[in-house]
Amino acid sequence: MSEQLTLNDQTSRLDLTGQILIAMPAMQDPYFSKSVILICNHDEDGAMGMILNHPLQLNVGDLFEQLKMECHVAQQQARPVHFGGPVQVERGFVLHAPATEFNTTMGLSDRLAMTSSKDILEAAARDEAPQDMFIALGYTGWGAGQLEQEIQANAWLTLPLADHHQLHKLIFKLPSDDKLFWAMQQLGVDFATLSEVAGHA
């Protein structure tokens, strides 16, 4: 039976949920160039992810103003806001730990969740939000089979981070400018060398 396994059978079973994508140097799309992406959900219908290293010129205080929400907690106001991807850029998405439940919370693991409802910002305004939050506008989406095709076309490197401490560090602790280098280090690959190889391909 295993000898008859086709390529389609293999790719349809690919589940990258919780893994990291790293854009290959040849990626020219300005949205995704040098991006490090957490895959939040991946099934037969497609995939959804968050870019982790493209900060916007915004902070949470700016979001509070736009939403006409009062917040007098300087620590919460100063949190940076990131570009999560080109889909639904008018919506906010928050990766957070611990995985506290809000109105629209999707658990990614027992320690990490994603919330897209306003109540998590209301909790932040009261200084009652989860300790670690990564706040983004928009997300990254792929249709059924699209991500698998892009990976086969060498558009992305995949980095499984089974250790939740590493994943936590990448999402919440590292400065945006350091995330690509750190992720490449975990793979044992030098991005500059990869650029040269890709250039000669």
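The structure under discussion appears in the preceding block.
To start, this report covers the structure provided alongside it. (Residues numbered from 1 in each chain as written. Predicted model: local features only at pLDDT ≥ 70, side-chain atom pairs only at ≥ 80, totals over all residues. Heavy atoms only, no water.)

### Comments concerning the overall build of the chain
Okay, step 1: When you go through the chain residue by residue, the secondary structure sums to eight helices and ten strands.
Okay, step 2: Considering the chain as a whole, with its 201 residues, one finds that 45% of them fall into the buried category.
Okay, step 3: Put simply, of all contacts in the chain between residues at least 6 apart along the chain, 64% involve residues at least 24 apart. (Helix = DSSP H or I, 4+ residues; strand = E, 2+ residues; numbered from the N terminus. Buried < 20%, exposed > 50% of the residue type's maximum accessible area, 1.4 Å probe, protein only. Contact = heavy atoms within 4.5 Å.)

### Section: unusual backbone geometry
Okay, step 1: In this structure, proline 98 follows alanine 97 across a cis peptide bond, with omega equal to 0°.
Okay, step 2: Examined against the element boundaries, proline 98 turns out to sit in the loop between β6 (87-97) and β7 (105-107).
Okay, step 3: Even without a glycine there, the phi angle at lysine 34 is positive, about 60°.
Okay, step 4: Within the fold, lysine 34 resides in the loop between β1 (20-23) and β2 (36-43).

### Re the pattern of salt bridges
Okay, step 1: Inspection of the entire model under this criterion finds two salt bridges.
Okay, step 2: Residues arginine 126 and glutamate 128 are paired through a salt bridge, measuring 3.0 Å at the closest nitrogen-oxygen approach.
Okay, step 3: With a closest N to O distance of 3.1 Å, aspartate 132 and lysine 173 form a salt bridge. Taken as a pair, aspartate 132 in strand β9 (residues 132-142) and lysine 173 in helix α6 (residues 164-173) lie far apart in primary sequence, 41 residues in all. (Salt bridge = Lys/Arg side-chain N within 4 Å of Asp/Glu carboxyl O.)

### Notes on the nonpolar core
Okay, step 1: If you look at the biggest cluster of nonpolar residues, it comprises 28 residues, and the most contacted ones within it are Ile20, Leu38, Met50, Leu52, Leu95, Leu170 and Ile171.
Okay, step 2: Sorting the residues of this core by element identifies β1, β2, β3 (46-51), β6, β9, α6 and α7 (176-187) as the ones contributing at least two each.
Okay, step 3: With near-sequence residues (within four places) excluded, isoleucine 171 lies in contact with Leu38, Leu52, Leu95, Leu112, Phe134 and Lys179.
Okay, step 4: Residues Val73, Phe102, Leu121 and Ile135 belong to the second largest nonpolar core, which totals 18 residues. (Core = buried A, V, L, I, M, F, W, Y, C linked by side-chain atoms within 4.5 Å.)

### Description of the packing of α6 against α7
Okay, step 1: Contact pair α6 / α7: the axes reach a minimum separation of 10 Å and the direction vectors enclose 160°. If you check the angle between α6 and α7, you find them roughly antiparallel. Where α6 crosses over α7, the handedness of that crossing is left-handed. In contact with Gln166, Lys169, Leu170 and Ile171 of α6, α7 contributes Lys179, Trp182 and Gln186.
Okay, step 2: Looking at the contact of α6 with α7, its residues break down into three nonpolar, two polar and two charged. (Axes fitted to C-alpha atoms, helices over the stretch in contact; angles between N-to-C directions. Parallel < 35°, antiparallel > 145°, perpendicular 65-115°, else oblique. Left-handed = near helix turned anticlockwise from the far one by under 90°. Nonpolar A, V, L, I, M, F, W, Y, C, P; charged D, E, K, R; others polar.)

### Focus: the packing of aromatic side chains
Okay, step 1: Inspection of the entire model under this criterion finds five aromatic pairs.
Okay, step 2: Ring geometry for tryptophan 142 and tryptophan 156: centres 6.1 Å apart, planes at 80°, overall edge-to-face. Note that tryptophan 142 is positioned in strand β9 and tryptophan 156 in strand β10 (residues 156-159), a separation of 14 residues in sequence. Here tryptophan 142 matches tryptophan 156 in class, with each residue buried.
Okay, step 3: Ring pairing ties together the aromatic residues Tyr31, Phe32, Phe83, Trp142 and Trp156, which thus form one cluster. (Phe/Tyr/Trp six-rings, centres within 6.5 Å; stacked < 30°, edge-to-face > 60°.)

### Details of the environment of leucine 167
Okay, step 1: By secondary structure assignment, the location of leucine 167 is in helix α6.
Okay, step 2: Along the primary structure leucine 167 and alanine 183 are separated by 16 residues, whereas in three dimensions their C-alpha atoms are 10.0 Å apart.
Okay, step 3: Leucine 167 has contacts with Gly18, Ile20, Leu38, Leu112 and Leu161, leaving out every residue within four places of it along the chain.

### Considerations on α7
Okay, step 1: Of the positions making up α7, those classed as buried are Ser176, Lys179, Leu180, Trp182, Ala183 and Met184.
Okay, step 2: Taken from the residues just after α7, glycine 188 is the one with a positive phi, measuring 75°.

### A closer look at the environment of serine 176
Okay, step 1: Structurally, serine 176 is set in helix α7.
Okay, step 2: We classify serine 176 as buried; its relative accessible area is 16%.
Okay, step 3: Among residues more than four places away in sequence, those in contact with serine 176 are Leu52, Asn53, Pro55 and His82.
Okay, step 4: A polar atom in the side chain of serine 176 sits 3.5 Å from the side chain of histidine 82. (Polar contact = N/O pair within 3.5 Å; in protein donor to acceptor, adjacent residues only side chain to side chain.)

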